[in-house]
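Fold and contact review
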Amino acid sequence: PTPTPTPTPTPPTNNHASSDKDEDPMSTPPPKKSNSSNTSALKSFRPKFNESINHFLVHAGGAKVLDGLGKELRLEERDLIPSRAVLHDYGNVSSSTTWYTLAYIESCRGVAAGERGLQVGVGSGGKC
């Protein structure tokens, strides 16, 4: 049998200087937004968490925090009742509010096998 020749690698070339059509798409600035009403057809995606999550353990950092998170996560008031109850009974006890919320849900509503919970905490992060 005759040995098959190995292809020789070709060195990369700089085509950017020779032609505009080969320009790197990442270096091209995005097109400017027009003031046309046609651009309003693009909407950002916002998932409906309560379609796949059964229980929400939301950080009870204050009434405005709960209002804002509820609005942005598109939660119903029913989803925020446990967190509001924890805020009322214990106040803002930092990151542990989510665990107090879990205890409320377990005690008042119950958690069945296979149900899903979403724990949402907010804050400045760890403190030294």
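For clarity, every value in this text was computed on a predicted model and none was experimentally measured.

Summarising the model, the protein shows a mean pLDDT of 78, and 64% of its residues fall at 70 or more. For the protein, the element scoring lowest by mean pLDDT is helix α1 (residues 63–72), at 91; helix α2 (residues 77–90) scores highest, at 94.

This part is about the pairing of strand β1 (residues 55–58). Because side chains alternate across β1, one face comprises the buried residues His-55 and Leu-57, and the other comprises Phe-56 and Val-58, equally buried. Relative to strand β2 (residues 117–120), β1 is paired through four bridges, and the arrangement is parallel. Across the sheet, residue Phe-56 finds its bridge partner in β2, namely Leu-118.

Under the defined criterion, the tally for this structure stands at one aromatic pair. A ring pair is formed by Tyr-90 and Tyr-100, whose centres lie 4.6 Å apart and whose planes are at 50°; its orientation type is tilted. Of the two residues, Tyr-90 sits in helix α2 while Tyr-100 sits in helix α3 (residues 97–108), which places them 10 residues apart along the sequence. Given the relative accessible area of 49%, Tyr-90 is considered partly exposed.

Rules of the game
- Residues numbered from 1 in each chain as written.
- Predicted model: local features only at pLDDT ≥ 70, side-chain atom pairs only at ≥ 80, totals over all residues.
- Heavy atoms only, no water.
- pLDDT = per-residue confidence, 0-100.
- Helix = DSSP H or I, 4+ residues; strand = E, 2+ residues; numbered from the N terminus.
- Buried < 20%, exposed > 50% of the residue type's maximum accessible area, 1.4 Å probe, protein only.
- Pairing = 2+ DSSP bridges.
- Phe/Tyr/Trp six-rings, centres within 6.5 Å; stacked < 30°, edge-to-face > 60°.

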